[in-house]
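# Architecture and fold: a report
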Amino acid sequence: MEKEIAIKARNISKTFHISEDSHNTVKHRLFNLFNPPRSREVPALKSLSLEIKKGECIGLLGRNGSGKSTLVKLLAGVYPTDSGYVNIKGSTMLMNLGVGMSHELTARENIYVSGSVLGLKIKEVDALFDKIVSFAELEEFIDTKIKFFSSGMVARLGFSIAVNAGADVMFLDEIFAVGDAKFQEKAVKVFESSWIEGRTVILVSHSMETIRQYCHRAAYMKKGELKYFGDTGTAIDMYLADNQ
Ligand SMILES: Nc1ncnc2c1ncn2[C@@H]1O[C@H](COP(=O)(O)OP(=O)(O)OP(=O)(O)O)[C@@H](O)[C@H]1O
């Protein structure tokens, strides 16, 4: 039987408009009254279509600035698309360096907020709470605002919420790039556990080893375009050739 489609994107694109001058002082503004700030367009994602099946683990490869994070944010609904549409079956969660977490809230509060965003009831979060805290190894900091956390601690908290309260479709953006060796080992082990079964995972990583080991298929991006989507080894070879 054909597997159910978890993510379907058709002709999605995204262009950012960035202002090049910073007329942010009164003097600057006065001197440049008739000279509006110049803006530049960055076509971060050019018309892209893809389909991902339920239960697939997909690697997303490409050099810095090739559009990987933009694609993930469009698929996860963080940004609206300029064109096209995205269809997702099930609940989603984007996990990267603290996105979706409020830095003014404590770790405890963030666990409850993230849990409710994932559709969990307070009682369900109560039941998972200790597991989330101990997996993240943040027992001592649970009532500390996360603005005082290191980037590795924020990543540990986010990953622990993702693993323990996780959604059907998980976007994991560079989660292995932070955290110490012990955390990275723990994070990788999750991919070998039953956690992964039935979940759809999109993994953005510069670690070819991780992509090769855990991804069923991989997408290779270059300058905002999806150049290849298919066999993991082929996508890795294309990425490595691009880095020559
Ligand atoms: N919020 C934003 N505002 C303006 N430009 C942006 C924004 N986000 C991304 N860009 C631009 O879009 C392009 C693609 O960026 P993106 O972060 O998607 O690349 P990436 O492949 O994830 O890179 P990396 O490997 O460095 O994380 C880049 O040129 C970047 O400067």
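Each chain carries its own residue numbering, running from 1 in the direction its sequence is written. For a predicted model such as this one, the threshold for reporting local features is a pLDDT of at least 70, and the threshold for listing and counting side-chain atom pairs is 80 or more; totals across whole chains, interfaces and linings nevertheless cover every residue.

### Side note on the environment of Met221
The helix and strand labels rest on DSSP assignments: H or I over at least four residues marks a helix, E over at least two residues marks a strand, and numbering proceeds from the N terminus. With respect to the secondary-structure elements, Met221 resides in strand S8 (residues 217-222). As a rule, residues whose C-beta atom has 12 or fewer other C-beta atoms within 10 Å are exposed, those with 20 or more are buried, and those in between are partly exposed; C-beta atoms are placed from the backbone. We classify Met221 as buried; it has 27 C-beta atoms within 10 Å. We call two residues in contact whenever the C-beta atoms placed from their backbones are within 7 Å. Contact partners of Met221, with chain neighbours within four places excluded, come to Leu61, Gly62, Ser66, Gly67, Lys68, Leu226 and Lys227.

### Some points on the sheet that holds strand S2 (residues 39-53)
What makes two strands pair is DSSP finding at least two bridges between them. In spatial order, the strands read S2-S1-S4; together these three strands make up an open sheet with antiparallel pairing. Edge positions in the sheet fall to S2 and strand S4 (83-88), since each has one partner strand and no second. Taken pair by pair, the neighbouring strands of this sheet meet at an average axis angle of 25 degrees, ignoring direction. Across five bridges, strand S1 (residues 5-19) lies against S4 in antiparallel orientation. Across the sheet, the residue bridging to Ser13 is Ser83, located in S4. A fitted line through C-alpha atoms serves as each axis, taken over the contacting stretch for helices, and the angle formed by two N-to-C directions is quoted from 0 to 180°.

### Here's the deal with the pairing of S8
Looking at chain direction, strand S3 (residues 57-62) and S8 are connected through five bridges and run parallel. Bridging across to S8, Ile58 finds its partner in Arg217. Linkage of S8 to strand S9 (residues 225-231), two consecutive antiparallel strands, is achieved through a turn of two residues, within which Lys223 is found at a positive phi near 45 degrees.

### Here's the deal with the environment of Gly179
One can find Gly179 in the loop between strand S6 (169-173) and helix H6 (181-190). The sequence separation of Gly179 and Lys222 amounts to 43 residues, and the corresponding C-alpha distance is 27 Å. What Gly179 contacts, discounting residues up to four positions off in sequence, is Gly152, Ala155, Arg156, Gln184 and Ala187.

### Digging into the sheet that holds strand S5 (residues 92-95)
The six strands are arranged S5-S6-S7-S3-S8-S9 in an open sheet whose pairing can be described as mixed. Edge positions in the sheet fall to S5 and S9, since each of these pairs with one other strand and no more. The mean inter-strand angle of the sheet, taken between neighbouring strand axes irrespective of direction, is 15 degrees. Pairing of S5 with S6, which is carried by four bridges, proceeds in the parallel orientation. Directly across from Met93, in S6, lies its bridge partner Met170. In the packing of helix H2 (residues 68-76) onto the sheet, the strands contacted are S3, S5, S6, strand S7 (200-204) and S8, and the crossing angle to S6 comes to about 155 degrees.

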